[in-house]
Structure formats: structure tokens, C-alpha cells
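# Residue-level structure breakdown
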Amino acid sequence: MRPVRTVTNRKNRMKLIPNTFKARIIASVMLLHTILIGIVIVDISYVQINSTKKHIRETANTLVATIAANAPSWLISNDLNALSELISTAKKANMVNNIYIMDRFGVIKASTDTNSLFKIMDDNISLVLSASIKNNKQQIVLLEHDNVVDTISSIKVGTDTVGYVRVIIDNSATKAELNRIYKNGLFYIFIAIFIGGLLAYLAIKSMLTQMEKLSAAAIKISEGNEDVKIETTKNDNEVNRLAIVFAKMVSSLKEKINQSAIQQEQLKIQANELEELNKNLKALVETETNRRIEQEHMLLQQNKLAALGEMIGAIAHQWRQPLNSLGLSIQDISYAKQFNELDDNYIDKFQKDSMNTIKRLSSTIDDFRNFFKPNKEKKEFFIEDVIASTINIVEAQFKNNFIKIEFDKTPKYRFFGFEGELGQVILNILSNAKDAINNSKNKDNGVVKISTTDNKSHVVIEISDNGGGIPPNVIERIFEPYYSTKEQGKGVGIGLYMSKEIVERHMNGTITAHNNDEGAVFRVELPKTSTN
Ligand SMILES: Nc1ncnc2c1ncn2[C@@H]1O[C@H](COP(=O)(O)OP(=O)(O)O)[C@@H](O)[C@H]1O
Ligand SMILES: [Mg+2]
């Protein structure tokens, strides 16, 4: 309930004086005028009333004293004419209503009011008088208020009272005059209020007009119409200063709006460009991706070819010895015939030996086929088994090149994945070692050492050779595709690239290379499986 009431109250108050500067200033000026003039008039009237009172009293006193001083001899001699003369002189000189001169019995001997002549002063007054005489007071004021003084005094000769004098002054005329002054004052107050309001209005009119224009402009600006002109004058007043500041503000606002419009335009252009770029980028990415895929595909093909090359090389070495022995057996047939040894026994033995050799050749082919056969499923295997079967493939070739392989093939560490992939990696490293040894001073006593160890989290395969190592300027790049230092036909530079891809992407491991005193060391780290 209460807040509602407060709101209504405020509304009512606002209605009394509109909540504008103009109304407030004019109202304040008017109020100030009213208060000031009111104070002045009240002050003047107060002073006027007081001084009038004082003046009447003094006049009465002087009159009474003068008459009391002049009257005794005429009273004693009962010279009524002289007394009357005295009174009329006194009345002329002052604004007196009535003057009475009485003898000591209270009979009026002279008066401005001829009707009262020879009458006796009324009882009340004589009572008061006798009291005053007891108190030894000569003059007594019977009545005194704003405009009337009624005073009486004994007339004495020595200490004897010979009569009385009474003076009544009624100053009502002055009061009427004062009232007129009051009324005039009130009228002047209204005039002053009106003129003050008008002057205040005129004084603030131009300022307020300017202010109203400013506020109108501000409203327009707030409505989004920034083409507003702010009028300023040459006057150096607060409103004009405000207008100047406001004009500056508006112009800077305009500038900012323009700038932001330009910026928006630029942004739009940029967004368009970006979109265009995006489209192009998409196309570019697509082409690049396609190119990548193609390249990858090509790399894979080349890797297969390289592996095939390796395999044929290895088969050639593996087959050399059995083919030689088969050749020798065949040659021996003609000698046997010459020396008549070609009997059933001979043929039987020849057949048996030849078939054995052919079986060996065939089994070699099977070995190779198995080694290069792509695995269909991941499975758990011993790392050492894969290394051993890889060694088996290249053994003959290495022997022919006088290279020894040192490896403890006891199964120790397991891995879950494709065996064939790890075999490829080992084969690549081994065939690089063979190439390095063949090109080095250790050509005739090459050694390749293979070890499997582990640390906390990984199984570590290290393959080191004594082929002199990787040249320092080359070592950074050996895992890049197509990077090879070998002459054409001997290397295409994808062996280590493919090995890195296999180890990192398929086996979640790492492959690194460094040199030791004798040659290169390749280190393959594979994450341990739970069974290790
Ligand atoms: N054991 C090693 N000793 C010295 N250099 C090596 C060895 N293994 C690899 N490299 C260097 O790394 C290069 C890249 O090897 P690879 O990717 O297998 O390609 P490629 O054998 O076809 O040259 C080789 O050309 C050779 O310069
Ligand atoms: Mg290679």
C-alpha cells in the first residue's frame, strides 16, 4: 500500500509546479520576491505603528503638561474664555479629539466638546484619579492602544490641586492611512511577483529555448537520426557552452558512425573475400588431399616394388648354392655315362638328391611368400620370433657379403599387432646396414648386432652395424620420403619413411637413429603389452 501512496503524492506535487527548469526558476524568483517584499512591508508597518504610538503618547504628554502649566491662574480666576482659548490653540496645533479642563470638583470648565460643558467628570475617572493622588502621581493614562490615548493630569499650584486636564487623541485616521499602505503594499507585491516572474522568464527564455532545442536534438539522435544540426550562439553562458560541447560530441559521434559504417563495409568485403578464400581453400585442400592420397598410394606401390627387389635379391642368394649343386649333379650325368656309372643306383641317388635340392628351393620360396604375405588379423607374437624369421630371410645374402648377424633369439617380449609389419621394419634396417657395410672399410667383416631390452614402458629393439654410420648432414633427413644417398637403382629412399609410418602410426611406437663409434644405431621402441 505504502509505495503506491508515495507515488500518488509525488504526482500531486509535480502537478503543483511542473517539473521543468523554466517553471522552477520562475516559481523560485516569485517566491523570493514575495518573501522579501513581505518582510519589508511587515517591518515598515511595525516601525510605523510603534512610532505612531510613541508620537501620540508624547503629543498627549506635552499637551497635558502645557495646559497644566498655563491653566492654574485662569482656573482660579474662573476665566472660562481664556481656558477655551487655550484649548482651541492646543487642538489646532495637534491632531486632538477632545480636551477637557475641570476644576478641582471635577466640573468641566472648558472643553472642545461643548455639549459636555459644566458636567461632572464620570465616577470611574474620579475613582482612578483619587487613587493616583494617593500614590502621588500627577498624570495617569486612562486608555492607550494602537491609535487612541486617553490621559488625565492634575493641575497644581504648589502642592494644592486646583483642577484637572484630560486629553483624548484618536489616531484612527492614521490607521486608515496605514491600512491603505498595507493594501497598496499587497498590490505592489503582486506587481513585483508578476514583474519578477516576467523578468525571470525573459532572462532565461533564450537559454531555455536553446536547451529545449538541445534536448529535441538529443531525442532525434537517440532515435537514430544523426543528421541533426546543433545551434550555438556567441553568448558565453552555461547552456551555450553545453551546446558547443554537445555539438562537438554529435560531430564526433557522426564521425564514429561513419567510421563504423565504413568498417562494416570493409568487414563485409573481408567476409566475402574470406568466403571466397574458404571456397578456394576447400578446393585446394581437396586437390592437396587427393594428391596426398595419390602420393601415398604411389609410395606404397614403390615400397612394394622395393620390397620385391629385396626379396628377389635375397632369393637369388638363397638359391645360389642349391642351384649350383643341381648344376653340378646334372653335369655329373654325362661323366657317369662316359665312365659307365649310369646305372639304376646312380639314377636313383641322382633323383633323390635333385628332389631334395628342389624341395629346398621350393621351401625357400614358401619362406619368402610367408614372410611377405600380408597379415589379415592382429595377433600377439614374440618380437624375437619375428626378428629371427627376418634374419632367416636375409641370412644367405649376408653370408655371401661376409656379414655376421649377432642376435639372441630367445623369445622374451610380446607385442599385439601385425607380425608382417614389424618384419618389414627389421628387413629395411638390416638391408640398409648391409648396404652401409658394403660401402665401408668393414666390407669383409661386417657385423650387425640386434638386441631386445625393455624399460618401464617400452620394449626396445636396437640394431647397430659397423658400416661407418650416417653422415651428420644426412641424419636429419633419412626418414623423409624419397630421401636416399644411394646411386640410382640401388635405393629410392622410402625404406625408412615406411618404417617410421609403420612404427608410429600402426604400432604406437618410435623409431630413431644415431651413430656410435663403428656405425649407425637404429632404435625402435614399442609400447609394452600387458603380457610383458
Ligand atoms: N645403417 C645405415 N648406415 C648409414 N646410412 C644409413 C643407414 N641406414 C640408412 N642410411 C641412410 O639413410 C638413407 C635412407 O634410407 P632408406 O630410407 O632406406 O632409403 P634407401 O635405402 O633407398 O636409400 C640412405 O640412403 C642412407 O644414406
Ligand atoms: Mg633402404
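Since this is a predicted model, take the numbers as computed values, not measurements.

## Here's the deal with the environment of Lys443
Residue placement: Lys443 occurs in the loop between α9 (419–438) and β9 (446–454). Residue class for Lys443 comes out partly exposed when judged on its relative accessible area of 45%. Separated by 41 residues in the primary sequence, Lys443 and Phe402 place their C-alpha atoms 7.5 Å from one another. Those residues in contact with Lys443, other than ones at most four positions away along the chain, are Asn401, Phe402, Ile437 and Asn438.

## Looking at the domain arrangement of the chain
For the chain, the domain assignment lists domain 1 (21–180) and domain 2 (305–527). Here domain 1 and domain 2 have C-alpha centroids that lie 156 Å from each other.

## Thoughts on the pattern of salt bridges
All chains considered together, the criterion is met by 14 salt bridges. The closest approach of N and O atoms between Asp454 and Lys528, which form a salt bridge, is 2.7 Å. Taken as a pair, Asp454 in strand β9 and Lys528 in the segment after β12 (520–527) lie far apart in primary sequence, 74 residues in all. The exposure class of Asp454 is partly exposed, given its relative accessible area of 37%. A salt bridge links Glu525 to Arg523; its shortest N-O distance comes to 3.0 Å.

## What to know about the sheet that holds strand β7 (residues 403–407)
Here we have five strands laid out as an open sheet, ordered β7-β9-β10-β12-β11, and mixed in their pairing. With partners counted over all chains shown, the strands left at the sheet margins are β7 and β11 (510–515), one partner each. For this sheet, the mean inter-axis angle between neighbouring strands, taken without regard to orientation, is 15 degrees. Set on the sheet, α9 makes contact with β7, β9, β10 (458–465), β11 and β12; between it and β10 the angle comes to about 25 degrees. Most of the contacts of helix α11 (residues 495–506) go to β11, to which it runs at about 135 degrees, and overall it touches β11 and β12.

## Comments concerning unusual backbone geometry
Even without being glycine, Asn340 reaches a positive phi, approximately 55 degrees. With respect to the element layout, Asn340 can be found in the loop between α6 (238–338) and α7 (344–372). Phi at Asn508 takes a positive value of approximately 60 degrees, unusual for a residue other than glycine. With respect to the helices and strands, Asn508 occurs in the loop between α11 and β11.

## Observations concerning the packing of α6 against α7
At a minimum axis separation of 11 Å, α6 and α7 run at an interaxial angle of 175 degrees. When the interaxial angle is binned, α6 and α7 end up roughly antiparallel. Classifying every residue of the contact of α6 with α7 gives 18 nonpolar, seven polar and two charged.

## As for the site of ligand 1
In the vicinity of ligand 1 there are 18 residues, among which Asn432, Ser484, Thr485, Lys486 and Gly493 approach most closely. At 3.0 Å, a backbone N or O of Val492 approaches an oxygen atom of ligand 1. When ligand 1 sits alone it has 530 Å² of accessible area, and the protein chains cover 93% of it. Spatially, ligand 1 is embedded in the largest pocket. Listed by contribution, the elements that provide at least two residues to the shell around ligand 1 are α9, α11 and β12. Per-element tally for the shell around ligand 1: the top contributor is α9, with three residues. Of the residues in the shell around ligand 1, the class split is nine nonpolar, seven polar and two charged.

## A word on the confidence of the model for the chain
In the predicted model, the chain carries a mean pLDDT of 85, and 92% of its residues have values of at least 70. The model gives residues 1–14 a pLDDT under 50, and that stretch makes one contact with residues more than four places away or in other chains.

## Re the packing of α7 against helix α8 (residues 383–400)
Relative orientation of the contacting elements α7 and α8 amounts to 135 degrees, with a least axis distance of 11 Å. Classed by the angle they form, the pair α7 and α8 counts as oblique. Crossing hand, α7 versus α8: left-handed. Only Thr390, Asn392 and Ile393 of α8 make contact with α7, whose side of the interface consists of Asp367, Phe368 and Phe371. Of the residues in the contact of α7 with α8, the class split is three nonpolar, two polar and one charged.

## A short note on the pairing of β9
Strand direction decides the pairing type here: β7 and β9, joined by five bridges, are parallel. Along β9, the bridge assignment pairs Lys404 with Val447. The pairing of β9 with β10 spans seven bridges and is classified as antiparallel. Along β10, the bridge assignment pairs Lys449 with Ser464. Here β9 folds back onto β10 in antiparallel fashion, the turn holding three residues.

## Thoughts on α8
Along its 18 residues, α8 runs 26 Å from first to last C-alpha, staying within 8% of the 26 Å computed at 1.5 Å per residue. At Val394, α8 shows its largest bend, some 50 degrees. Among all positions in α8, only Ile383, Glu384, Val386, Ile387, Ala388, Thr390, Ile391, Ile393, Val394, Ala396, Gln397 and Phe398 are buried. Following α8 by one or two positions, Phe402 adopts a phi angle in the positive range, close to 60 degrees.

The rules we used
- Residues numbered from 1 in each chain as written.
- Chains lettered and ligands numbered in written order.
- Predicted model: local features only at pLDDT ≥ 70, side-chain atom pairs only at ≥ 80, totals over all residues.
- Heavy atoms only, no water.
- Helix = DSSP H or I, 4+ residues; strand = E, 2+ residues; numbered from the N terminus.
- Buried < 20%, exposed > 50% of the residue type's maximum accessible area, 1.4 Å probe, protein only.
- Contact = heavy atoms within 4.5 Å.
- Domains from an automatic or database assignment.
- Salt bridge = Lys/Arg side-chain N within 4 Å of Asp/Glu carboxyl O.
- Pairing = 2+ DSSP bridges.
- Axes fitted to C-alpha atoms, helices over the stretch in contact; angles between N-to-C directions.
- Parallel < 35°, antiparallel > 145°, perpendicular 65-115°, else oblique.
- Nonpolar A, V, L, I, M, F, W, Y, C, P; charged D, E, K, R; others polar.
- Near = heavy atom within 4 Å.
- Polar contact = N/O pair within 3.5 Å; in protein donor to acceptor, adjacent residues only side chain to side chain.
- Areas by Shrake-Rupley, 256 points an atom, 1.4 Å probe, with all protein chains shown as cover.
- 1 Å grid on protein atoms, 1.4 Å probe; cavity = no way out; pocket = protein on both sides within 12 Å on 5 of 7 lines; lining within 4 Å.
- Sits in = over half its atoms within 2 Å of the grid points.
- pLDDT = per-residue confidence, 0-100.
- Left-handed = near helix turned anticlockwise from the far one by under 90°.
- Expected span 1.5 Å × (residues − 1).
- Bend = angle between axes of the 7 residues up to and from the residue.

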